[in-house]
Amino acid sequence: MEDSKKIKNIIQALGEHQDSKAAIEVLTELGTNSPDDEIREMTAQTLIKKNTHESLRVVLISKGKGINDLSARVAMASINELLSLKDKTEAIKILDDTIKLHSDEEVRNTARSVRALMTFSA
């Protein structure tokens, strides 16, 4: 239980870290690749809350991460976090580009579905 709290604090601290690029790299390499659903969920939520182009790209276009995670829990938590963003502009732009340009049909379809949800939630 104590380890979970420490990990949660580390993920939160990385989300608030001033060096956004380094924090995103650590979250991407360690958090989104974790075998633990809870860690991947917290990481995806943190990356979405950062609401930068670099952080959103990780959870929107990467197969097996964020909205494309194989765990329904992680994917739904990511979608819910996206829907709660006050400024959805960058996320919608990345989703539109993903729908048009991504090579993986499954990723395009997921982006299309999430884009529709974001449109209706506005």
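Up top is the structure these notes are about.
My aim in this report is to walk through the structure given alongside it, one point at a time. (Residues numbered from 1 in each chain as written. Predicted model: local features only at pLDDT ≥ 70, side-chain atom pairs only at ≥ 80, totals over all residues. Heavy atoms only, no water.)

### Things to note about the nonpolar core
Phase 1: Leu-60 and Leu-82 are the most contacted members of the largest nonpolar core, which totals 26 residues.
Phase 2: Filtering out sequence-adjacent residues up to four positions away, Leu-60 remains in contact with Ile-67, Asn-68, Leu-82, Ala-91, Ile-94, Leu-95, Thr-98 and Val-107. (Core = buried A, V, L, I, M, F, W, Y, C linked by side-chain atoms within 4.5 Å. Buried < 20%, exposed > 50% of the residue type's maximum accessible area, 1.4 Å probe, protein only. Contact = heavy atoms within 4.5 Å.)

### A look at the environment of Leu-60
Phase 1: In this structure, Leu-60 sits in helix α4 (residues 53-61).
Phase 2: Separated by 47 residues in the primary sequence, Leu-60 and Val-107 place their C-alpha atoms 8.5 Å from one another. (Helix = DSSP H or I, 4+ residues; strand = E, 2+ residues; numbered from the N terminus.)

### Considering the packing of helix α3 (residues 37-50) against helix α5 (residues 72-83)
Phase 1: Two elements in contact, α3 and α5, have axes whose closest approach is 9 Å; the angle formed by their N-to-C orientations is 20 degrees. It follows that α3 is roughly parallel to α5 by the angle criterion. Our pair here, α3 against α5, has a crossing hand that is right-handed. Facing α3, whose interface residues are Asp-37, Glu-38, Arg-40, Glu-41, Ala-44, Gln-45, Ile-48 and Lys-49, α5 presents Arg-73, Val-74, Ala-77, Ser-78, Glu-81 and Leu-82.
Phase 2: Taken together, the residues of the contact of α3 with α5 break down into five nonpolar, two polar and seven charged. (Axes fitted to C-alpha atoms, helices over the stretch in contact; angles between N-to-C directions. Parallel < 35°, antiparallel > 145°, perpendicular 65-115°, else oblique. Left-handed = near helix turned anticlockwise from the far one by under 90°. Nonpolar A, V, L, I, M, F, W, Y, C, P; charged D, E, K, R; others polar.)

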